[in-house]
Amino acid sequence: MVGLFSYPKRRLKKLLKEGEYKEALEFGYSIEDKYSNDPDFFFIMGSIYYILEDAKNALYYFDKTLSIGEFDTEALLLKANVHLYLKEHKAVKECCNKVLQVDPQNKSANQILNNLE
């Protein structure tokens, strides 16, 4: 039988889904070296910090995600929301405009930009 320990990212997602944020972060730190070039891992870690409203760490992990996949629309939208929370409107616009380059009809990006005006 293959357990969750054979699939660390799956375990990390499970902990996140169950609301076990502290345990998820501890586990994430323990496997971070193994996933040092994995945008999905960074996105999951950024999402945990996003949920915990830790803007600094959320941005760190979203930036790592985007350094690998520059036009990851989900990461860009979450990053835009973090910048919105920090009232960094220029950065919000930059993120949303990147999303719109890939997906001109993206409702979330358009809505964020409309709410800024």
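Up top is the structure these notes are about.
Residues numbered from 1 in each chain as written. Predicted model: local features only at pLDDT ≥ 70, side-chain atom pairs only at ≥ 80, totals over all residues. Heavy atoms only, no water.

Draft legend 1. A look at the nonpolar core. L12, F41, M45, I48 and C96 are the most contacted members of the largest nonpolar core, which has 35 residues in total. Sorting the residues of this core by element identifies α1 (8-17), α2 (21-31), α3 (39-51), α4 (55-68), α5 (73-85), α6 (89-102) and α7 (107-116) as the ones contributing at least two each. (Core = buried A, V, L, I, M, F, W, Y, C linked by side-chain atoms within 4.5 Å. Buried < 20%, exposed > 50% of the residue type's maximum accessible area, 1.4 Å probe, protein only. Helix = DSSP H or I, 4+ residues; strand = E, 2+ residues; numbered from the N terminus.)

Draft legend 2. Layout of the packing of aromatic side chains. Counting across every chain of the model gives six aromatic pairs. Centre to centre, the rings of Y49 and Y61 are 5.9 Å apart; their planes meet at 10°, and the pair counts as stacked. With Y49 in helix α3 and Y61 in helix α4, this pair connects stretches of sequence that are twelve residues apart. Each of the two residues, Y49 as well as Y61, counts as buried. (Phe/Tyr/Trp six-rings, centres within 6.5 Å; stacked < 30°, edge-to-face > 60°.)

Draft legend 3. Spotlight on the packing of α2 against α3. Running from amino to carboxyl end, α2 crosses α3 at an angle of 150°, the nearest separation of the two axes being 11 Å. It follows that α2 is roughly antiparallel to α3 by the angle criterion. By crossing handedness, the relation of α2 to α3 is classed as left-handed. In this structure, α2 uses Y21, A24, L25, G28, Y29 and I31 to contact α3, whose residues at the interface are F41, M45, I48, Y49 and I51. The residue inventory of the contact of α2 with α3, partitioned by class, reads ten nonpolar, one polar and no charged. (Axes fitted to C-alpha atoms, helices over the stretch in contact; angles between N-to-C directions. Parallel < 35°, antiparallel > 145°, perpendicular 65-115°, else oblique. Left-handed = near helix turned anticlockwise from the far one by under 90°. Contact = heavy atoms within 4.5 Å. Nonpolar A, V, L, I, M, F, W, Y, C, P; charged D, E, K, R; others polar.)

Draft legend 4. Inspection of the side chain of E32 at higher detail. Tracing the chain through its elements places E32 in the loop between α2 and α3. For the buried E32, no salt bridge exists, and the shortest N-O distance to an oppositely charged side chain is 5.3 Å, to K64. In this structure E32 touches F41, F42 and Y61, once residues within four positions along its chain are discounted. (Lys, Arg positive; Asp, Glu negative; His and termini not counted. Salt bridge = Lys/Arg side-chain N within 4 Å of Asp/Glu carboxyl O.)

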